[in-house]
Amino acid sequence: MGDGTTVSHLPEEILLKVFAAVSDTRTRNSLSLVCRSFFQLERKTRTSLTLRGNARDLHRIPTSFTHVTHLDLSFLSPWGHALFCSSARDAFPLVTSLAVYARDPATLHLLLLSPWPELSRVKLVRWHRRPPTSPPGSDFAALFSRCRSLASLDLSSFYHWPEDLPPVLTANPVSAASLRRLNLLTTSFTEGFKSQEIESITASCPNLEHFLVACTFDPRYIGFVGDDTLLAIPSNCPKLSLLHLADTSSFSNRREEEGFGGEDARVSRATLEALFSGLPLLEELVLDVCKNVQGSSFALEVLGSKCPKLRVLKLGQFQGICLAHGSRLDGLALCHGLQSLSIGNCADLDDMGLIEIARGCSKLVRFEIQGCKLVTEKGLGTMTCLLRRTLIDVKVSCCVILDTASTLRALEPIRDRIERLHVDCVWNGLKESDSLGHGFLNCDLNGLDELGDGGEFMDFFGGGECENAGKRKKQRCKYEMGVHDSFLESDGNGSYGKSWDKLQYLSLWIKVGDLLTPLPVAGLEDCPSLEEIRIKVEGDCRGQPKPAECEFGLSILACYPQLLKMQLDCGDTKGYVLTAPSGQMDLSLWERFFLNGIGSLSLNELHYWPPQDEDVNQRSLSLPAAGLLRECYTLRKLFIHGTTHEHFMNFFLKIPNLRDVQLREDYYPAPENDMSTEMRVGSCCRFEDALNRRRICD
């Protein structure tokens, strides 16, 4: 300003609100270096802090972060090692939320010698094996005995034995009664919590509002979840607003190829109705059963009427969710308030059911469909037409009739609106040189009579079978005009433009051995706002022929100008880490195939999961992979979810602006580093010292 007034002359109350609105860490760090007053303002408004330094340097933590309430110690380096520090209490006196890697009970015992008086939320992380010498419940004893006001406990990434927790809750009734949120979706479980353990936990924690638990619905197992357990949950915890019950087999990312399992869960319609009626405050419900739940339409109608606040719903292997008979809405379509819906492995869901759901659930912002083999391009396309005003997040997976190109054509009505997208890379003969031309879809509902017999589709919109053709045509035209009013003008050929203007996040699944290069010609050639991509490569390399091409196709992603973040997940790719049989490639050659061309991308952050050899439980970065990753000269953050050798890590010192590198063995069971010939504590410390000695330009 001309009179010399600057932003620093604003009242402190206003500046505090401005600083509190800044979430980017680097921006906050820059602000704190402007002047002493900005430094003090930044420290007063920084309420969340994730420490990424070496655990040996914790005694050097500055005492200026006294206003931090959320403290994350789970990413300290060397990752996954025991944390021995009792000084955090003095450096961060106001902590109310804590995340920590608790490899053994001594970690929590030491941290809580002088517990934070307001500590109410705790997340424990552990991917290593549970110490065999630890007595049952020792992982939680110190936590519940010293934190009497604990309101939230997250064990989703903490490997433990299911039988450890219920006795501790029973022995500490005051702490258990204070719990409001309990996350037991531990992905490393094979069988999860048994029915009697779930009943004991809910009985000990009557005030739970959020309850997430891994279990088994398979009646062949002892302790499977059935009618009795489902009835006990609302009886013990009537205040639940979030309930998440997931069968442990849903964590395996299984992709059904041959129909659906014929076994039914022991869950009756009457039980589901009683469950929904007993939880009127539900806002989010996940029932990922992985066993058939038959005839669920009527129970879902009860859900819609008894749970008016329901906004998020995920159903796994529920059959008959929407009968789609006549013009009356039924089943799932009566859950009118839903904003997020996920449907998995529904064998009888077809286009008509999908359209009925779109009519009834008109507020959907997020929609996910997986393994529904009767859904076609026209059904999904009509649904996106009906939900064009709200739908911005879509996931389509394992639907055999929907390959990549047909899925993208079905999503044409929301090209200009969608922000997050997942598709499977199923090319069905599509090649990089192919041209698909215009999409099929112009949302002309006049042409959709073929979806049903003799006008069944129009029955959805009030047309009866007895009406004459003229009246039916009039109704169709009237409905079509109402739908088209919300669209952008098309070019007259059914295409709404090829640009995905607002797409910021793209997730892809691809089978090992397939190429990524047909992605642009499938319909994703123009994504000007795409910032982050996740690619999951899955399959068995053993027995696979040598790829005809020398690279997987990462270089094709250079057509996305704003792409800064990538997650390349080859963790479910299996092969030979050592010498492969004659005529086959070992994992180092497969890694060269996957990573070729990655240097042509201007990435800022990369997460990489190396492929694995199950026989030796090894996920290790190979020499070719380290050399190719070194070519990513723009990287600032590199996280390898596996192990490697120290001299391979030294390759990364050649990346000029690389600031943050870490090995995270976040899979079960994480290897014991003292038994490994790869990165150990000393190796990590030497590499980090070399990395921190470098001068970073910015």
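Residues numbered from 1 in each chain as written. Predicted model: local features only at pLDDT ≥ 70, side-chain atom pairs only at ≥ 80, totals over all residues. Heavy atoms only, no water.

Colleague: Could you clarify how one ought to interpret the confidence of the model for the protein in this entry?
Modeller: Regions with low pLDDT carry predicted coordinates that are not meant to be interpreted in detail. Overall, the predicted model of the protein reaches an average pLDDT of 86, with 87% of residues at or above 70. Every residue in residues 436-496 scores below 50 in pLDDT, and together they form 106 contacts with partners more than four places removed in sequence or on other chains. (pLDDT = per-residue confidence, 0-100. Contact = heavy atoms within 4.5 Å.)

Colleague: Can you walk me through the packing of aromatic side chains in this structure?
Modeller: Aromatic rings considered in pairs are described by the distance between their centres and by the relative angle of their planes. Summed over the entire model, instances satisfying the criterion amount to 11 aromatic pairs. Measuring from ring centre to ring centre gives 5.8 Å for Phe-552 and Phe-594, while their planes differ by 85°; the resulting arrangement is edge-to-face. Here Phe-594 lies in helix α19 (residues 587-595) and Phe-552 lies in the loop between β16 (532-540) and β17 (565-574), a separation of 42 residues in the sequence. Accessibility assignment for this pair places Phe-552 and Phe-594 in one class, buried. Taken together, Phe-552, Trp-590, Phe-593 and Phe-594 form an aromatic cluster joined through their ring pairs. Taking the ring centre of Phe-639 as reference, the NZ or CZ of Arg-664 above it sits at 4.2 Å. (Phe/Tyr/Trp six-rings, centres within 6.5 Å; stacked < 30°, edge-to-face > 60°. Helix = DSSP H or I, 4+ residues; strand = E, 2+ residues; numbered from the N terminus. Buried < 20%, exposed > 50% of the residue type's maximum accessible area, 1.4 Å probe, protein only. Lys NZ or Arg CZ within 6 Å of the ring centre and 35° of its normal.)

Colleague: How should I be thinking about the pairing of strand β11 (residues 340-344) in this particular structure?
Modeller: Look at any regular strand and the pattern is simple: side chains alternate between the two faces of the sheet. Summarising burial for β11: 5 of the 5 residues are buried, a large majority. Alternating residues of β11 divide into Ser-340, Ser-342 and Gly-344 and Leu-341 and Ile-343, and every residue in both groups is buried. Summarising the sheet, strand β10 (residues 312-318) and β11 pair through 5 bridges and their orientation is parallel. Following the sheet pairing, Leu-315 is matched in β11 by Ile-343. Pairing between β11 and strand β12 (residues 366-370): 5 bridges, direction parallel. (Pairing = 2+ DSSP bridges.)

Colleague: Just to check I follow, could you spell out the nonpolar core for this structure?
Modeller: Generally speaking, a soluble globular protein has its nonpolar side chains buried in company with each other. By size, the foremost hydrophobic cluster in this structure holds 172 residues, and its most contacted members are Ile-321, Leu-421, Ile-535, Leu-557 and Phe-652. Excluding residues within four positions of it along the chain, Leu-421 makes contact with Val-394, Leu-408, Leu-411, Trp-500, Leu-503, Tyr-505, Leu-506, Ser-507 and Leu-524. (Core = buried A, V, L, I, M, F, W, Y, C linked by side-chain atoms within 4.5 Å.)

Colleague: Is there a simple way to explain the environment of Arg-534 in this structure?
Modeller: Note that Arg-534 resides in strand β16. You can call Arg-534 buried: its relative accessible area is 19%. In this structure the C-alpha to C-alpha distance between Arg-534 and Asp-569, which are 35 residues apart in sequence, comes to 7.5 Å. Apart from the residues within four sequence positions on either side, Arg-534 is in contact with Tyr-505, Leu-506, Ser-507, Leu-508, Gln-567, Asp-569 and Trp-609. There is a polar contact of 2.8 Å between the side chain of Arg-534 and the side chain of Asp-569. (Polar contact = N/O pair within 3.5 Å; in protein donor to acceptor, adjacent residues only side chain to side chain.)

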